[in-house]
Amino acid sequence: PAHAAPSGDRDVIVHLFQWRWESVAEECESTLGPNGFGAVQVSPPQEHVVLSGQGYPWWQDYQPVSYRLDQTRRGTRADFVDMVDRCRDAGVKIYVDAIINHMSGTGSIGAGPGSAGSSYSKYDYPGIYQSQHFGDCRRDIANWNDKWEVQNCELVGLSDLDTSSDHVRDRVAAYLNDLVGIGVAGFRLDAAKHVPEADVQAIVSRLDDVHADWGGGKPYVFQEVIADGTIGTGSYTPMGDVTEFQYHRDISHAFDDGNIAHLSGLGGGLTPGDKAVVFVANHDTQRSDPILTHTDGARYDLAQSFMLAHPYGTPKVMSSYTWSGSTDTGPPMSADGTTDPTDCSASRWVCEHRAVAGMVSFRNAVDGHGIGGTVTDGDGRLAFARGSAGYAAFNATGSAWTRTFSTDLPDGTYCDVANGTFVDGVCDAPSYEVSDGRFTASVPANGAVALHVGALGECED
Ligand code: LM2
Ligand code: CA
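Everything quoted here is computed from the prediction, not taken from an experiment.

Colleague: Help me understand the site of ligand 1 in this model?
Modeller: Around ligand 1, the surrounding shell holds 16 residues, and the nearest of these are W59, V156, D190, E224 and D284. In this structure, an oxygen atom belonging to ligand 1 sits 2.7 Å away from a main-chain N or O atom of W59. Measuring from an oxygen atom of ligand 1, one finds a side-chain N or O atom of E224 at 2.3 Å. Burial of ligand 1 by the protein amounts to 75% of the accessible area it has alone, namely 680 Å². Mapping ligand 1 onto the cavity grids shows that it belongs to the largest pocket. For the shell around ligand 1, the residue count by class is 6 nonpolar, 6 polar and 4 charged.

Colleague: Would you explain the sheet that holds strand β4 (residues 186-190) in this entry?
Modeller: What holds strands together in a sheet is hydrogen bonding between their backbones, with the strands either parallel or antiparallel. In space, the 8 strands of this closed barrel follow the order β1-β2-β3-β4-β5-β6-β7-β8, with parallel pairing throughout. When the angles between neighbouring strand axes are averaged without regard to direction, this sheet yields 30°. Direction of pairing for strand β5 (residues 220-223) relative to strand β6 (residues 241-243): parallel, over a ladder of 2 bridges. Of the residues in β6, the one forming a bridge with F222 is D241. The strands touched by helix α2 (residues 77-89) within the sheet are β2 (39-42) and β3 (93-99), with β3 carrying the most contacts at an inclination of about 140°.

Colleague: So what exactly am I meant to see when it comes to the domain arrangement of the protein here?
Modeller: When the parts of a complex come together, some accessible area is lost, and that lost area is often used as the size of the interface. For the protein, the assigned domains read domain 1 (8-365) and domain 2 (371-452). In this complex, domain 1 contributes 23 residues to the contact, which on the side of domain 2 involves 28 residues. For the pair domain 1 and domain 2, the summed buried surface comes to about 2,000 Å²; carbon and sulfur atoms form 69% of the total. The largest contributions to the domain 1 side of the interface with domain 2 come from A261, L302 and F362, which together make up 27% of the buried area. Connecting domain 1 to domain 2 are 0 salt bridges.

Colleague: I keep staring at unusual backbone geometry and nothing clicks. Help me out?
Modeller: Across the chain, the bulk of peptide bonds are trans and the bulk of non-glycine residues have phi less than zero. Phi is positive for Y56, close to 55°, though the residue is something other than glycine. Turning to its location among the elements, Y56 is positioned in the loop between β2 and α2. Positive phi values are uncommon outside glycine, yet N446 reaches one of about 50°. Inspection of the secondary structure puts N446 in the loop between β17 (438-443) and β18 (447-452).

Colleague: I'm lost on the packing of aromatic side chains in this one. Help?
Modeller: Two aromatic rings are characterised by how far apart their centres lie and by the angle between their planes. Summed over all chains, the structure comprises 25 aromatic pairs. Ring geometry for Y67 against Y175: centres 4.8 Å apart, planes inclined by 25°, an arrangement best described as stacked. With a gap of 108 residues between them, Y67 in the loop between β2 and α2 and Y175 in helix α4 (residues 166-182) connect regions that are remote in the sequence. For Y67, a relative accessible area of 7% gives the class buried. Geometrically, the ring pair formed by Y391 and F405 is tilted, given 5.7 Å between the ring centres and 50° between the ring planes. You can see Y391 sitting in strand β11 (residues 390-395) and its partner F405 sitting in strand β12 (residues 401-406), a full 14 residues away along the chain. A residue is classified by how much of its surface remains accessible, and F405, at 0% relative accessible area, is buried. Members of the aromatic cluster, each reached through a chain of ring pairs, are Y67, Y120, Y123, Y125, Y129, F134 and Y175.

Colleague: Whenever I open this one, helix α5 (residues 197-204) confuses me. Can you help?
Modeller: Since the α-helix advances by 3.6 residues per turn, residues separated by three or four positions end up pointing in the same direction. Counting buried positions over the 8 residues of α5 gives 6, a clear majority of the element. Considered for burial, the residues of α5 that qualify are E197, D199, V200, A202, I203 and V204. Buried-residue contacts for α5 involve α3 (147-152), α4, β4 and β5.

Colleague: It is not clear to me how the packing of helix α6 (residues 245-257) against helix α8 (residues 298-309) should be interpreted in this structure. Could you clarify?
Modeller: Axis separation between α6 and α8 bottoms out at 10 Å; the angle between their running directions is 130°. Taken together, the axes of α6 and α8 are oblique relative to one another. When you trace α6 past α8, the crossing you get is right-handed. In contact with Y247, I251, F255, D256 and D257 of α6, α8 contributes R299, L302, A303, F306 and M307. Looking at the contact of α6 with α8, its residues break down into 7 nonpolar, no polar and 3 charged.

Colleague: Honestly, the pattern of salt bridges in this entry has me stumped. Any pointers?
Modeller: Note on pairing: side chains with opposite charge can pair once their charged atoms come close. Applying the stated criterion across every chain yields a total of 23 salt bridges. With a closest N to O distance of 2.7 Å, R20 and E22 form a salt bridge. With a relative accessible area of 35%, E22 lands in the partly exposed category.

Colleague: When you look at the state of the cysteines in this model, what are you seeing that I'm missing?
Modeller: Here, disulfide denotes a covalent bond that connects the sulfur atoms of two cysteines. Across all of its chains, the model carries 4 disulfides by this definition. Between C28 and C87 runs a disulfide, and the two sulfur atoms are separated by 2.1 Å. Judged by the sign of its S-S torsion, about 90°, the bond between C28 and C87 is right-handed. With C28 in helix α1 (residues 21-35) and C87 in helix α2, the pair connects residues that are 59 residues apart, well separated along the chain. Accessibility classification places C28 together with C87 in one group, the buried group. Residue pairing for C415: its cysteine sulfur links by disulfide to C427, the two sulfurs lying 2.1 Å apart.

The rules we used
- Residues numbered from 1 in each chain as written.
- Chains lettered and ligands numbered in written order.
- Predicted model: local features only at pLDDT ≥ 70, side-chain atom pairs only at ≥ 80, totals over all residues.
- Heavy atoms only, no water.
- Near = heavy atom within 4 Å.
- Polar contact = N/O pair within 3.5 Å; in protein donor to acceptor, adjacent residues only side chain to side chain.
- Areas by Shrake-Rupley, 256 points an atom, 1.4 Å probe, with all protein chains shown as cover.
- 1 Å grid on protein atoms, 1.4 Å probe; cavity = no way out; pocket = protein on both sides within 12 Å on 5 of 7 lines; lining within 4 Å.
- Sits in = over half its atoms within 2 Å of the grid points.
- Nonpolar A, V, L, I, M, F, W, Y, C, P; charged D, E, K, R; others polar.
- Pairing = 2+ DSSP bridges.
- Helix = DSSP H or I, 4+ residues; strand = E, 2+ residues; numbered from the N terminus.
- Axes fitted to C-alpha atoms, helices over the stretch in contact; angles between N-to-C directions.
- Contact = heavy atoms within 4.5 Å.
- Domains from an automatic or database assignment.
- Buried area = accessible area lost by both parts, 1.4 Å probe.
- Salt bridge = Lys/Arg side-chain N within 4 Å of Asp/Glu carboxyl O.
- Phe/Tyr/Trp six-rings, centres within 6.5 Å; stacked < 30°, edge-to-face > 60°.
- Buried < 20%, exposed > 50% of the residue type's maximum accessible area, 1.4 Å probe, protein only.
- Parallel < 35°, antiparallel > 145°, perpendicular 65-115°, else oblique.
- Left-handed = near helix turned anticlockwise from the far one by under 90°.
- Disulfide = S-S within 2.5 Å.

Written as structure tokens, this is what we have:
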């Protein structure tokens, strides 16, 4: 296939929402590479509107005004290039959140300058797009049951590009290929459902091959499609992977309610797993429609752990920052709206991906093995094997689950990667002895235990 998912043994994506480029690079080196993360989804790198009058909300990034990468909120183009190189050296891909459906809207500041100094106004981006490059439906999408409107009218007042025109297709593809040339390995296509399928196809078909270190094939593409009765994910799977929002709702409700015993079949009836990008929460749902988020603590971490242990889909782990009051609140920043470097031990950065870093090694080690040997105990507890390569137990109740589990694991001492990490032979978690295929564990309340053959033999308590 033209846009195959990243290789199965390192497919985990982490969304480092709003992180500075230099902080992403450091995280690739210190944490993501060593634990086997496959890729980072970074926030949009293109020049965008600057809404000082509204306190620099996070969503100003979703109103692009040019394709320059000299976007100062998270760093310079040179910082971006350095990040891509350092992450690649650490074995981690960069996926860019690419805004292809629209440019800016009519916010509090309808005209420039943008974050890199470009002048603009809605429907006029000098040297890039003029009025004729936008669709004729210059009003908000009103009838979401009308596919034509959803794809050709304006999403929350954002100037809607006429992606049927060659000029727009060429210009968008030139931006994406600039990124591919830097070494970017894939894209999240923002608001893909609002771009007609044929137009996505035309843009994707213009993409160059990725860096030789990533195999030199076409970039990985996953499309943001919030499926409904009007537009399903199936119309977009020919062009790449798609976001599966029903998975998000299913896993979030299950862990929120403590009804997880049935989840071995999670994903059944949804988009085929080899086309689905899955997540517990994303940057939109955690604000507009929260079910289970970083504010829910252990139960949320448990859900992200479960997602990594379960074979359906390509998992995307969320990494958030907190806000109080308005959901518009941007990340920690200085007075001029420039984002602060990430500090996971202070400030408002949650860094919840670190809590599940060990489970990424589990996912990589059990790749290719299905779910078997399921054990339940009431509605809130579920354990299963991943063939002879791994075994995981999840406890979404308020009391410990103590029992002996039967596995197909080779006998030995295993690092519990649900409660720590195993990097370069060093285990910083509890360890378990598997003997005659069996081990006895006390799975913590709202916690898990996970053992795999890639974290065997050299554990230190
Ligand atoms: C997405 N996926 O399809 C992003 O995941 C989502 O975060 C984006 O919305 C959206 N599509 C457009 O890229 C965010 C935010 C909106 C915000 C837009 C544009 O959730 O609230 O809209 O970015 O910045 C804002 C105002 C809205 C206003 C609009 C245009 O909230 O009231 O509409 O700007 O000025 C008049
Ligand atoms: Ca559109």
